[in-house]
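A look at the structure
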Amino acid sequence: MKDDRHSPFRDAHTDRKAAEGVPDTPQTRSPAYGLAFADEEFLCRDELRPVRLQLELLKPEMLMNEAGIESTIVLFGGARIPDPVDKGDARTKTLADLSRFYDEARSFAQLMTEKSMASGGRENVIVTGGGPGVMEAGNRGAVDAGGHSIGLNIVLPFEQAPNHYVTPDLCFNFHYFAIRKMHFLMRARAICVFPGGFGTMDELFESLTLIQTGRMARVPFLLFGRSFWEKIINWEALSDAGTISADDLDLFRFVETAEEAIAEIDGWGDTSKRGSVPGR
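I will try to describe carefully the structure that is included in this document. Quantities reported herein were computed from a predicted structural model and do not represent experimental measurements. (Residues numbered from 1 in each chain as written. Predicted model: local features only at pLDDT ≥ 70, side-chain atom pairs only at ≥ 80, totals over all residues. Heavy atoms only, no water.)

1. Some words on the pattern of salt bridges
Evaluation of the coordinates by the stated rule reveals 18 salt bridges. A salt bridge links R253 to E264; the nearest nitrogen and oxygen atoms lie 2.8 Å apart. A residue pair is termed long-range when its members are at least 10 positions apart, and R253 in strand β7 (residues 253-255) and E264 in helix α12 (residues 258-266) qualify at 11 residues. Given a relative accessible area of 25%, R253 falls into the partly exposed group. (Salt bridge = Lys/Arg side-chain N within 4 Å of Asp/Glu carboxyl O. Helix = DSSP H or I, 4+ residues; strand = E, 2+ residues; numbered from the N terminus. Buried < 20%, exposed > 50% of the residue type's maximum accessible area, 1.4 Å probe, protein only.)

Below you can see the structure in the form of structure tokens.
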């Protein structure tokens, strides 16, 4: 991380190093004496939650700015969807059948990254949740194209590590789901959702809600696999019930292949924010 200082004051790095060399006394051994910004136990206190939220917003933002990342293409999708070469080990037949979307996510990310690299690699950079399944496929496709990609991991109660295809300097880890979600969407120029489970549904509906309510610009929003999504969610029933507007069904489009997705993004049309919520 860069530290471009413009201040004449002594910097925090220097003072932290100096504090490590102070004489060993009862006073200096006390937790109270430690520099607040270098005191991990202090930073983990409940009262410091607002500071931790701010830090999680700032660190990835600063590093992505330094890397020149101006816009992203978001890939959401299931961690359990296998690489087709491993579909024989899938837990269910449906997961084995859905393995084709691993290849589509990989192909889509490769095509999009090739387009991005042709214009300098700063726009339309692939971002995933950094895990396995569809996420791995997205980061892998970027590697196939010789480009970089972002991974936004989250600490979970069970062991988890980033997939091996995330660009190391763009691989982030989060404690707060809310801040992670902000980073998914802050630079988003398109959102692509592949079949998945609870996490994918959460990301899908939160993103759609932001667009529906005009809190976010209407970016290309693509659902890969019409048959999966129409089986899982009765979109028409929501419209018929009046809990959403018929116009809301136009906020997203179904695609089956990487090539279809690229064509939809290129020809999407209006991406302005809504000024009102239809049906209210």
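2. Considerations on the packing of aromatic side chains
Throughout the structure, instances matching the rule amount to 7 aromatic pairs. Here F108 and F224 contribute two aromatic rings whose centre-to-centre distance is 6.1 Å and whose plane-to-plane angle is 70°, an arrangement assigned as edge-to-face. Linking F108 in helix α6 (residues 100-118) with F224 in strand β6 (residues 221-224), this pair joins segments that are 116 residues apart in sequence. A relative accessible area of 0% places F108 in the buried class. (Phe/Tyr/Trp six-rings, centres within 6.5 Å; stacked < 30°, edge-to-face > 60°.)

3. Looking at the layout of surface pockets
By volume, the second largest pocket amounts to about 810 Å³. Considering the residues around the second largest pocket, the lining is formed by 34 residues, among which G78, A79, G197, G199 and T200 are closest to the centre. Contributions of two or more residues to the lining of the second largest pocket are made by β1 (72-76), α5 (93-98), α8 (177-186) and α9 (198-212). If one sorts the elements of the lining of the second largest pocket by residue count, α9 sits on top with 5 residues. (1 Å grid on protein atoms, 1.4 Å probe; cavity = no way out; pocket = protein on both sides within 12 Å on 5 of 7 lines; lining within 4 Å. Points joined across faces, edges and corners; volume = space filled by probe spheres on them.)

4. Notes on the packing of α6 against helix α7 (residues 134-144)
The N-to-C vectors of α6 and α7 enclose an angle of 35°; their axes lie 7 Å apart at closest approach. Handedness of the α6/α7 crossing: right-handed. Here Y102, A105, R106, A109, Q110 and T113 of α6 come into contact with α7, specifically with V134, E136, A137, G138, R140, G141, A142 and D144. Partitioned by chemical class, the residues of the contact of α6 with α7 number 6 nonpolar, 4 polar and 4 charged. (Axes fitted to C-alpha atoms, helices over the stretch in contact; angles between N-to-C directions. Left-handed = near helix turned anticlockwise from the far one by under 90°. Contact = heavy atoms within 4.5 Å. Nonpolar A, V, L, I, M, F, W, Y, C, P; charged D, E, K, R; others polar.)

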